[in-house]
Amino acid sequence: RPNIRYERNSVMAQKLGQELEYLMSHESGLFGTKAIDTHAQLFIVDRKNDPVTPLLTQWTYHALLYELIGINNGRIDLSHVPGIRPEVKEVMLSQDQDTFFKQSQHLNFGDLGASIKKFVEMYQTNTKSHHQIESIADMKRFVEAYPEFRKLSGNVTKHVTLVGELSRLVAERHLLAVSELEQSLACNEQHNSDLKALRALISNAKITAENKVRCAILYALRYERAQGNATAELKQLLTSSGVDADQVASIDVVLRYAGVSERQSDLFQNENLFSRGRSIFKGLQGVENVYTQHTPALAEMVEQIVRGKQGLHWQERLPNLDPKARPPLLGNENGMHNQDIIVFVVGGVTMEEEMAVAKLNEKFASQNVRLLIGGTSIHTSSSFLAELSTTFFP
């Protein structure tokens with residue numbers, strides 16, 4: 001039986017913890033009668049304390065497939081793709097049966113291109129083919145030109161097709177430009193330049209309404225209390241550029257759900273002088289690239305807890321459900337060891353958070369810390385906003 005902690009400002013997290021505790025107490029056949037296991041922790045957190053992560057374009061292979069094409073019970077429907085061949089109208093993804101996917105699911109889009117090229121070249125070597133390959137388009141032409149290749153290597157064909165479709169969608173929706181602004185809004189405090197870039201993006205007819213609204217919501221969240229806040233102007237600009245009224249209203253929906261008065265943490269590190277200083281310093285650190293600057297708040301929380309940092313802060317923010325419980329204190333200077341930690345997100349988890357936890361599992365393996373993440377759903381940006389629109393009406 002794990003010790004249960006919940007985010008203090010979340011009635012939903014506390015209620016879920018209470019129901020789970022009741023279930024464990026009354027189902028001794030499943031959970032045993034043993035007292036709380038000091039080596040198992042369950043943290044129940046609330047999506048409203050980090051509304052930013054589900055609004056961002058996520059650039060890993062698995063996340064892009066989930067966001068842009070859609071994955072349903074491991075199946076991907078490609079029947080709508082222009083010029084798709086019958087044998088790949090529907091494909092399966094499985095870590096157990098697909099080595100390439102298992103190795104590449106957390107690669108960012110730039111590294112993915114190099115990985116799929118190496119995958120095809122390896123097959124070429126095995127089949128003594130000498131077709132020149134320099135781009136995704138070359139890979140697709142190679143697959144089209146060799147029927148026996150499609151027949152013998154369905155797995156390679158599948159991933160060339162998937163990566164080709166992702167490349168098409170990224171270009172068609174101008175996601176690189178959108179993502180650059182998203183990351184700036186999520187990670188950097190530069191109001192004037194962000195506002196200028198956002199006005200230009202909203203006025204750009206090539207950008208989809210959904211992406212315009214996502215960036216406007218990120219602006220509204222970050223600069224909610226900023227002097228010169230221009231959220232009202234941006235809503236008017238969205239309306240004049242043809243964005244549906246319900247989509248524009250989602251800006252107020254998100255603020256009502258997860259605005260600064262609803263969140264427990266200083267998410268953007270801009271609420272006071274000291275946190276602004278930390279934010280500036282953080283912005284000076286090296287990042288992999290401009291599209292992957294953001295780190296989910298959940299990942300930062302887990303890493304600090306496992307390392308034994310800011311213990312008093314986390315003990316206050318994540319109180320024990322049972323005040324009489326005596327689990328390990330958060331903030332032990334030696335960090336956590338020999339722990340199973342489950343993080344459950346009320347309001348849904350994202351692929352970016354799943355990837356971050358996978359990396360933390362690798363980092364803390366030497367401390368025998370095992371992390372597991374779950375949530376009420378797995379969100380894309382569209383599913384997150386759709387869920388909120390049915391719960392927090394405009």
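First, a word on scope: everything that follows refers to the structure included in this document. (Residues numbered from 1 in each chain as written. Predicted model: local features only at pLDDT ≥ 70, side-chain atom pairs only at ≥ 80, totals over all residues. Heavy atoms only, no water.)

### Here's the deal with the overall build of the protein
Scanning the protein for helices and strands turns up 18 helices and eight strands. Residues classed as buried in the protein amount to 47% of the 394 residues present. Taking contacts inside the protein between residues at least 6 apart in sequence as the whole, the part at least 24 apart equals 74%. (Helix = DSSP H or I, 4+ residues; strand = E, 2+ residues; numbered from the N terminus. Buried < 20%, exposed > 50% of the residue type's maximum accessible area, 1.4 Å probe, protein only. Contact = heavy atoms within 4.5 Å.)

### A closer look at the pattern of salt bridges
Under the counting rule described, the total for this entry stands at 16 salt bridges. Linking D252 and K235 is a salt bridge whose minimum nitrogen-to-oxygen distance equals 3.0 Å. On the criterion of sequence distance, the pair formed by D252 in helix α13 (residues 245-258) and K235 in helix α12 (residues 231-240) is long-range, its members being 17 residues apart. Using a relative accessible area of 30% as the deciding quantity, one classes D252 as partly exposed. On the accessibility criterion, K235 (21% relative accessible area) is partly exposed. A salt bridge links R307 to E303; the shortest N-O distance between them is 3.1 Å. With R307 and E303 both in helix α15 (residues 297-307) and four residues apart, this pair spans about one turn of that helix. Relative accessible area serves as the criterion here: at 39%, R307 is assigned to the partly exposed category. A network of salt bridges, in which partner residues are shared, links R47, D50 and E353. (Salt bridge = Lys/Arg side-chain N within 4 Å of Asp/Glu carboxyl O.)

### Concerning α15
Turning to α15, its buried residues number three or more, namely L298, A299, M301, V302, I305 and V306. Taken down its axis, α15 places every buried residue within 160° of arc, on the same side. Remark: G308 follows α15 within two positions and exhibits a positive phi of approximately 85°. (Arc of directions from axis to C-beta.)

### Quick word on the packing of aromatic side chains
Enumeration according to the criterion identifies five aromatic pairs in this entry. On the basis of an interplanar angle of 45° and a centroid distance of 6.1 Å, the ring pair of W59 and F109 is categorised as tilted. Pair noted here: W59 is in the loop between β2 (37-46) and α3 (61-69) and F109 is in helix α5 (residues 109-127), with a separation of 50 residues, a long-range link. Summarising the burial analysis for this pair, W59 and F109 share the class buried. A ring pair is formed by W59 and Y291, whose centres lie 6.0 Å apart and whose planes are at 55°; its orientation type is tilted. Residue W59 is located in the loop between β2 and α3, and its partner Y291 is located in the loop between α14 (273-283) and α15; the two are separated by 232 residues in the primary sequence. For W59, a relative accessible area of 6% translates into the label buried. (Phe/Tyr/Trp six-rings, centres within 6.5 Å; stacked < 30°, edge-to-face > 60°.)

### Considering the side chain of R263
Take R263: it is sitting in the loop between α13 and α14. E224 provides the closest opposite charge to the buried, salt-bridge-free R263, at an N-O distance of 4.6 Å. Leave out the neighbours within four places in its chain, and R263 touches N9, K48, N49, P51, L221, A258 and F268. (Lys, Arg positive; Asp, Glu negative; His and termini not counted.)

### A word on the packing of helix α10 (residues 191-203) against helix α11 (residues 209-222)
Packing of α10 against α11 brings their axes to within 10 Å, and their N-to-C directions diverge by 160°. Our classification of the angle between α10 and α11 gives roughly antiparallel. Remark: the crossing between α10 and α11 carries left-handed chirality. Contact residues: α10 offers H191, L195, L198, L201 and I202, while α11 offers N211, K212, C215, A216 and Y219. (Axes fitted to C-alpha atoms, helices over the stretch in contact; angles between N-to-C directions. Parallel < 35°, antiparallel > 145°, perpendicular 65-115°, else oblique. Left-handed = near helix turned anticlockwise from the far one by under 90°.)

### Concerning the nonpolar core
Across soluble globular proteins, nonpolar side chains show a tendency to be buried alongside one another. In terms of nonpolar packing, the biggest core is built from 38 residues, with V52, L198, I217, Y219 and L221 touching the most fellow members. In this structure, V52 is in contact with A186, L218, L221, L267, F268 and H294, ignoring residues within four places of it in sequence. Formed by 29 residues, the second largest nonpolar core is a distinct cluster that contains L65, L93, I116 and L169. (Core = buried A, V, L, I, M, F, W, Y, C linked by side-chain atoms within 4.5 Å.)

### Topic: empty space enclosed by the protein
Counting across every chain of the model gives one cavity of 30 Å³ or more. Computed from the structure, the largest cavity encloses a volume of approximately 40 Å³. Lining the largest cavity are Q58, A63, Y66, E67, M351, H379 and T380. Among the elements that line the lining of the largest cavity, the one with the most residues is α3, at three residues. In the lining of the largest cavity, the residues fall into three nonpolar, three polar and one charged. (1 Å grid on protein atoms, 1.4 Å probe; cavity = no way out; pocket = protein on both sides within 12 Å on 5 of 7 lines; lining within 4 Å. Points joined across faces, edges and corners; volume = space filled by probe spheres on them. Nonpolar A, V, L, I, M, F, W, Y, C, P; charged D, E, K, R; others polar.)

### As for helix α18 (residues 381-391)
Buried within α18 are the following residues: S381, F384, L385 and L388. Along the long axis of α18, the arc covered by the buried residues comes to 90°, so they all point the same way. If you follow the buried residues of α18, they end up packed against α3, α11, α13 and β8 (378-379).

### Quick notes on the side chain of S104
Its place among the elements puts S104 in helix α4 (residues 99-104). Residues in contact with S104, not counting those within four places in the same chain, are Y61, L112 and S115.

### Some words on the environment of M24
On the secondary structure map, M24 appears in helix α1 (residues 11-26). Taking the C-alpha atoms as reference points, M24 and P2, 22 residues apart in sequence, are found 9.6 Å from one another. Beyond its immediate chain neighbours, meaning those up to four positions away, M24 contacts R1, P2, I4 and F31.

### Considering the layout of surface pockets
Vacant regions in the atomic arrangement are exposed by a probe of water-molecule size rolled over the atoms. Taken as a whole, the second largest pocket spans an internal volume of roughly 400 Å³. Tallied by class, residues from the lining of the second largest pocket come to five nonpolar, eight polar and five charged.

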